[in-house]
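As a plain string of letters, each chain reads:
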Amino acid sequence: MERRWVAGGVAVALALALGGCSSAQPTASASGTGSGAPPSSTAGTASASAGGGACVADPHAVATRTLPAAATGPMPSATAEALEKAAREGLANASAEGAIMAVRTPQGTWTKALGLADKATDTPMTDTMYSRVGSVTKTFTGTLILQLVQQGKLSLEDPIGKYFPSIPRGNDVTVRMLLDMTSGIASYSLDESFQHEIFTNPSKQWNPDDLIAIGLALPRPFEPGAKFDYSNTNTLILGRLIEKLTDMSYAEALTRRIADPLHLTGTSMPGPDGALPSPHPTGLTLQGLPEGQRTPQDATAWNPSWGWSAGALTSTAADLLVYGRALGTGQGLLDEKTQALRYASIPGPAGYGLAVGCIDGWFGHTGEIPGFNAALYYDTRSDTTVAIMVNSDIPSGDCTQSPTLPDNPKQLPCVDPAGRILVSLSAALGHEFKPNPKS
């Protein structure tokens, strides 16, 4: 969920824990520099007339296309073989024991589990396992907000102070700014006391209001609307706004407004104990360890409540395939006009818009949470959905700040494990996803 890294020991580790804007996630910069900061104050605020910011070439065609019946059948054998080869190559270069991958094109569906769910017990990964998906959750939150916009219950230009008068300078921060990360509200995940609590008490059940208060108490990194800064506080405020306007809990709103209409049977928010449904893999992380220690620890049972509407969601590969296409086309979630607003929010050929990113026509989001990494992208050019879930959040490659394993292949760009596999699969599909490398 948080893309920044803070210097030193445990604090450095936590920044990755909250990273959903990982290497596979575009920055708000149209230049695609990977710096995390847009080149101008207009990043993330493209108008609806911008034609999807040039990232989605033909918004109308994408939003109205029909999924052929063949898409839900088996993938043609030649394509399936190419995808499995690419998946094995990607996993071999990723710092993860196992991966679940799914691809759906107009020609068919391919789903594959590789490697181990738990190395200690030699348990193989299976494609029906549940996994945490981190900041992919943000796309659900953004979709719920846009549904409320579509219903006329709020406007993207409404100041958040209209709904929550206690938010400092709330009349200067709009709903749009919260969605596209230009609010100037700091992420609670940067707070050192919060970081200490996460790793010393990982089973703690957090209250979203306490987390929002932490973020609001931090110094503002910039004036509202001036820049882009990926902040979890933004998305938690939106979670509370969803509850206020729907008169239901965030979890209930997500179920009724997204999961039920799309028939997502494996997607849910965790209960108070944060437990993953079974079966699930064991998630490994280098986060929370003393500086220099590179033996991963098991983060499977860590409570993800601190991520709430910004990163606590659990899902399956089958559900992500359905949801990923709905996110990319709007079908089953938003009408064409509202989906066009989302396309247009991307500030160029690559960037971050209304709780979603886009790189060269690939529309979606990545997610990290201790022990788990996910990537969900829809190729607007070819009507292809790719979903990847891995049981590690440890990057690999030429990483200068991100902790890596001792056998890390340094000759590659620094990329998270799900992103590594996404690049490999997308190349096999003929339209390579080119992420911004991590540091």
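The numbering scheme is per chain: residues are counted from 1 as the chain's sequence reads. For this predicted model, a pLDDT threshold of at least 70 governs which residues receive local features, and a threshold of 80 or more governs which side-chain atom pairs are given and counted, while totals over whole chains, interfaces and linings are taken from all residues. Excluded from the side-chain calculation are hydrogens and water; included are all heavy atoms of the structure.

As annotated in an unreviewed UniProt entry, the protein chain carries the name Serine hydrolase and is attributed to Sinomonas cellulolyticus.

Each helix and strand counted, the protein chain has 13 helices and 12 strands in total. For the exposure calls, accessible area comes from a 1.4 Å probe over protein chains only, and a residue counts as buried if that area is under 20% of its type's maximum, exposed if over 50%, partly exposed in between. Looking at the protein chain residue by residue over its 439 residues, the buried ones come to 61%. Summarising the internal contacts of the protein chain: among those between residues at least 6 apart in sequence, 71% fall at separations of at least 24. Note that accessible areas follow from Shrake-Rupley with a 1.4 Å probe, and for residues the cover is restricted to the protein chains shown. Taken as a whole, the protein chain presents about 15,400 Å² of accessible surface, with 52% of it coming from carbon and sulfur. Runs of H or I in DSSP of at least four residues are treated as helices and runs of E of at least two as strands, each being numbered from the N terminus. Note on contacts: a residue pair is in contact if any heavy atoms of the two residues lie within 4.5 Å.

With that settled, consider the nonpolar core. Soluble globular proteins: nonpolar side chains tend toward being buried together. Buried Ala, Val, Leu, Ile, Met, Phe, Trp, Tyr and Cys residues form a nonpolar core when they are joined through side-chain atoms within 4.5 Å. If you look at the biggest cluster of nonpolar residues, it comprises 84 residues, and the most contacted ones within it are F140, I160, L241 and Y323. Look past the residues within four positions of Y323 in its chain and what remains in contact with it is T139, F140, T143, I258, L262, L264, L333 and L376. The next biggest cluster of nonpolar side chains, apart from the first, holds 26 residues, and it includes A96, A99, I359 and A375.

So, about the pattern of salt bridges. By definition, a salt bridge exists where a carboxyl oxygen of Asp or Glu is found within 4 Å of a side-chain nitrogen of Lys or Arg. A complete count under the given rule lists 16 salt bridges for this structure. Between D209 and R240 there is a salt bridge, and its shortest N-O distance comes to 2.9 Å. Placement of the pair is D209 in helix 7 (residues 208-217) and R240 in helix 8 (residues 232-246), with a sequence separation of 31 residues. Taking relative accessible area as the criterion, R240 reaches 19% and is therefore assigned buried. Residue E252 is joined to R256 by a salt bridge in which the shortest nitrogen-to-oxygen separation is 2.7 Å. One end of the pair is E252 and the other is R256, both in helix 9 (residues 250-262) and four residues apart, which spans about a single turn. The class of E252 is partly exposed, set by a relative accessible area of 30%.

Moving on to unusual backbone geometry. Note: most residues except glycine have negative phi, and most peptide bonds are trans. The step from S278 to P279 runs through a cis peptide bond, and the omega angle for that step is 0°. In this fold, P279 is placed in the loop between helix 9 and strand 5 (284-285). For D122, which is not a glycine, the phi torsion comes out positive at approximately 60°. Mapping D122 onto the fold places it in the loop between strand 2 (108-118) and strand 3 (123-124). We classify D122 as exposed; its relative accessible area is 56%. At W308, a position not held by glycine, the phi torsion is positive, near 30°. Its location among the elements puts W308 in helix 10 (residues 308-311). According to the relative accessible area criterion, W308 is buried, its value standing at 13%.

Counting through the fold element by element, S131 comes out in strand 4 (residues 131-132). Non-local contacts of S131, meaning those with residues more than four positions away in its chain, are made with L276, L313, T314, S315, F372, M389 and V390.

So, on to the pairing of strand 12 (residues 384-390). Taken across its seven residues, strand 12 has seven buried, putting it largely inside the fold. Where burial is concerned, the two faces of strand 12 agree: the one with T384, V386, I388 and V390 and the one with T385, A387 and M389 are both buried. Between any two strands, at least two bridges found by DSSP are needed for them to pair. The pairing of strand 1 (residues 98-105) with strand 12 spans six bridges and is classified as antiparallel. Looking at strand 12, one finds that I100 is bridged to M389.

Bringing the state of the cysteines into the picture now. By definition, a disulfide links two cysteine residues through a covalent bond between their sulfur atoms. Cysteine sulfur pairs qualify as disulfides if the two atoms are within 2.5 Å. In total, this model carries two disulfides according to the counting rule given. One disulfide in the model links C55 with C358; its S-S distance is 2.0 Å. Its torsion about the S-S bond being -90°, the disulfide of C55 and C358 is classed as left-handed. With C55 in the loop between helix 1 (9-17) and helix 2 (59-64) and C358 in strand 9 (residues 357-359), this residue pair connects regions lying 303 residues apart in the sequence. What connects to what in the protein chain, once the bonded cysteines are numbered by sequence position, is 1-2, 3-4.

The subject of this paragraph is the pairing of strand 10 (residues 362-369). In terms of residue burial, strand 10 counts as a mostly covered element, since eight of its eight residues are buried. On strand 10, burial covers both faces: W362, G364, T366 and E368 on one face and F363, H365, G367 and I369 on the other are all buried. The pairing of strand 9 with strand 10 spans three bridges and is classified as antiparallel. Bridge pairing in strand 10 places I359 opposite W362. Linking strand 9 to strand 10, which pair antiparallel, is a turn of two residues; within it D360 sits at a positive phi near 50°.

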